[in-house]
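Here is what each chain is made of, one letter per residue.
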Amino acid sequence: MRYKFLLVFILVICGHSMHSQVSDLARLEFTYFPQGKSDNSFRRVRSFINLPFKLSEDGYLVPGFEYRNINLKLGDEIPFSDLKLERYQSFTLNLGYTDKMKNGWRYAFQGGVIVASNFYQELEREDFIYEGSAYFIKDKTDVDEENPSAKPWRLILGLSYNTTAGRPFPLPVINYYREFAPKWSFSLGVPKSNIKYRFNDKHAVNAFATLDGFYANIQGDIAIPKDQEGTVRGENISMTTALSGLGYEYNITKHLQFYVYGGWTIINDIRIRDENANDVYTINDTNNIYARSGVKLKI
């Protein structure tokens, strides 16, 4: 019971900007997008670890580290050199703190710095991204002894700010989880919503809709030809994907899980942008299949 809110806090800080909605301590994952109607493809290896430290009865400090390695294979012909465009890495350091309030709510703060680039030369200012988030969490997933028929639920409300968003204000975050029938549960929110069925303690399946993507600085920039404009400078690359599909989860042990997800993209936008975040070249925007698999360590 005393670890319940720690688990929920890691739920909201795992990854950055709520890129994960599960209570993970560590994860190793591989993602693959074969780009439709082209010879391009997107591959990503992602790993992270969170290390919680108890500071008081209900207060925890949670430092974390994440690494991503991205291979954007460009098989299609493009009107400029692709030497700087196929390999990207990102390193994230974040620090979170959470404590419980007297009214049963829990507050949580998280801040971090990301270095995301093609690392074509020495580090530069544009390689650094800064983020911060604040959340309030109400968790009612424990069995209510006074009302055992009550359906477990959890609500997360918050604000998240990231310097790559291109907006001078934080964005709202909301996630609502509820168990509505034996073995059935759903989660509504951003970046992921799903409905899950648990066969038993080992096997579960779910249908989901989620957002994915990446952002990185292009060191040295690239010159992109434009009709009647000469050339424009491409300074960063961004991928935004909305997708849906089905997933399977297998609990190897109580704390170790294997998972595999597959689906189809609804939005698939890979683009190069200038210093003002304006699109200057679209690499691919055709929808296609999606696959993701990995193992994770949970509390």
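None of the values given here were measured: they were computed from a predicted structure. (Residues numbered from 1 in each chain as written. Predicted model: local features only at pLDDT ≥ 70, side-chain atom pairs only at ≥ 80, totals over all residues. Heavy atoms only, no water.)

**Details of the confidence of the model for the protein chain**
Step number 1: Summing up the model confidence of the protein chain, the mean pLDDT is 85 and the portion of residues at 70 or higher is 88%.
Step number 2: Per-element mean pLDDT across the protein chain ranges from 44 in helix α1 (residues 4-13) up to 95 in strand β11 (residues 192-198).
Step number 3: Low confidence marks residues 1-22, where pLDDT is under 50. Its contacts with residues over four positions away, or in another chain, come to 82 contacts. (pLDDT = per-residue confidence, 0-100. Helix = DSSP H or I, 4+ residues; strand = E, 2+ residues; numbered from the N terminus. Contact = heavy atoms within 4.5 Å.)

**Here we look at the packing of aromatic side chains**
Step number 1: Across all of its chains, the model carries 17 aromatic pairs by this definition.
Step number 2: Ring geometry for F33 versus F42: centroids 5.5 Å apart, planes at 65°, classification edge-to-face.
Step number 3: Using a relative accessible area of 0% as the deciding quantity, one classes F33 as buried.
Step number 4: Consider the rings of F33 and Y290, whose centres lie 4.9 Å apart with planes at 55°: the pair is tilted. A residue pair is termed long-range when its members are at least 10 positions apart, and F33 in strand β1 (residues 24-34) and Y290 in strand β16 (residues 289-298) qualify at 257 residues.
Step number 5: For Y290, a relative accessible area of 4% gives the class buried.
Step number 6: One aromatic cluster in this structure is built from W153, Y176, F180, W184, F186, Y197 and F199.
Step number 7: Lying across the ring of Y177, R154 places its NZ or CZ 4.8 Å from the centre. (Phe/Tyr/Trp six-rings, centres within 6.5 Å; stacked < 30°, edge-to-face > 60°. Buried < 20%, exposed > 50% of the residue type's maximum accessible area, 1.4 Å probe, protein only. Lys NZ or Arg CZ within 6 Å of the ring centre and 35° of its normal.)

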